[in-house]
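Remarks on the overall topology
In case you want the letters, here they are:
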Amino acid sequence: MRRFVDFHTHSSASDGDAAPDELVRLAEAKRLRAIALTDHDTIGGLASAAAAARGLTVRLVSGIEISARWPEGTLHIVALGFDPWNATLRGMLQALWAARKERNPRIVRRLREQGIDISMDEVKRFAAGRAGAATGFVGRLQIAQVLVRKGCARDVGDAFARYVGMGGSAYVDKERLAPAQAFAGIRAAGGVSVLAHPPQLNYGNLARLRQIAGDLREQGLDGIEAYHPDHSPQETRHYLDLARAIGLLVSGGSDFHGQGKPDVRLGCPAVPVEAVQPLLARLGL
Ligand code: AMP
Ligand code: ZN
Ligand code: FE
Ligand code: FE
């Protein structure tokens, strides 16, 4: 009996480096019960992941990770189990895509203003040249990688610190959805909304998190990620308790990105099926 799932992963359809189909085969090799592909702002990897999952034992759950407005920190919503063809959802994703397309050239322009010889064409070519990257996804990671290749930064971390990260000299903020808008789009498509890696909210203390999670639940949030490599065992316990106390589904995953986060392995931390049973039932698994 397969005992674990991984409901937070990234492929080369966004900023991971395993192709979507490779990721599914890796999940099968690790004998996971189910895996969700949750690329940033795109469902472009789902079709090839689904094709790879046919005939395998591992179950594939449709997914996406969306950044919502949260001035105090970072609010990432992992959506699971939606209909990828839903028109409301597709409209919402198109808006996210448009926001990215508007932002990237502004970052590149700011870099050029600082005397760096870089062009949007060059970044697009680099992004499209990655294995399995058929979606045309371009984000700050790819811009950072180009900066490294040009010798303008030591490594990706340095490129973020000095240029494209928040506080960097070429930082440009991205237009984000309000949390309620994201929840509504996900629900319209029959999906479940999960609060990803709660520590990134900068919630302060647990009482405040409880307040925030309760408020988000009123707005349409369905679940909380209790298992994530950034969580201490104590945090995981707190989030499990919180889910039970206020009636949220429990989820979790590795946030696998491949070499971009070399310490993170697919399927780690282990997310036991018993812990996510109500979610599995909701997803029809
Ligand atoms: P974007 O979605 O275009 O805003 O890019 C965000 C992505 O950039 C994240 O998902 C990470 O993959 C990457 N990233 C953000 N901050 C850093 C950092 N300090 N070092 C390396 N990669 C980062
Ligand atoms: Zn990412
Ligand atoms: Fe995230
Ligand atoms: Fe993620």
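Our structure is the block above this text.
What comes next is a walk through the structure. (Residues numbered from 1 in each chain as written. Chains lettered and ligands numbered in written order. Predicted model: local features only at pLDDT ≥ 70, side-chain atom pairs only at ≥ 80, totals over all residues. Heavy atoms only, no water.)

**Overview of the pattern of salt bridges**
- On inspection of all chains with the given rule, the structure shows 15 salt bridges.
- Of the charged contacts, one joins Glu102 and Arg106 as a salt bridge, the two residues approaching to 3.3 Å between their closest N and O atoms. Taken together, the residues span about one helical turn, with Glu102 and Arg106 both in helix H3 (residues 87–113) at a distance of four residues.
- By relative accessible area, which is 34% here, Arg106 ends up partly exposed.
- Across the pair Asp241 and Arg244 runs a salt bridge, and its minimum N-O distance is 3.8 Å. Of the two residues, Asp241 and Arg244 are both situated in helix H9 (residues 233–246); the distance of three residues between them amounts to about one turn of the helix.
- According to the relative accessible area criterion, Asp241 is partly exposed, its value standing at 40%.
- Overall, the relative accessible area of 64% leaves Arg244 in the exposed class.
- Salt bridges here are not isolated pairs; linked through shared partners, they connect Asp41, Arg100 and Lys174. (Salt bridge = Lys/Arg side-chain N within 4 Å of Asp/Glu carboxyl O. Helix = DSSP H or I, 4+ residues; strand = E, 2+ residues; numbered from the N terminus. Buried < 20%, exposed > 50% of the residue type's maximum accessible area, 1.4 Å probe, protein only.)

**What about the coordination of the iron ion (ligand 3)?**
- With distances of 2.1 to 2.2 Å, the protein atoms coordinating the iron ion (ligand 3) are Glu65 (OE), His76 (ND1) and His197 (NE2).
- Each donor residue of the iron ion (ligand 3) belongs to the same chain, and together they define the spacing E-x10-H-x120-H.
- Between the two metals, the iron ion (ligand 3) and the iron ion (ligand 4), the spacing is 3.4 Å, and Glu65 donates to both. Within this pair, whereas Glu65 is found in strand E3 (residues 59–68), its partner His197 is found in the loop between strand E5 (192–195) and helix H8 (206–219), the two being separated by 132 residues in sequence.
- Exposure remark for Glu65: the relative accessible area of 2% places this residue in the buried category. (Donors = N, O, S within 2.8 Å, 3.2 Å for Na, K, Ca; no water.)

**Focus on the side chain of Lys174**
- Position of Lys174 among the secondary structure elements: in the loop between helix H6 (156–164) and helix H7 (179–188).
- For Lys174, a relative accessible area of 12% translates into the label buried.
- Aside from chain neighbours lying at most four places away, what touches Lys174 is Asp41, Ser67, Arg100 and Arg103. (Contact = heavy atoms within 4.5 Å.)

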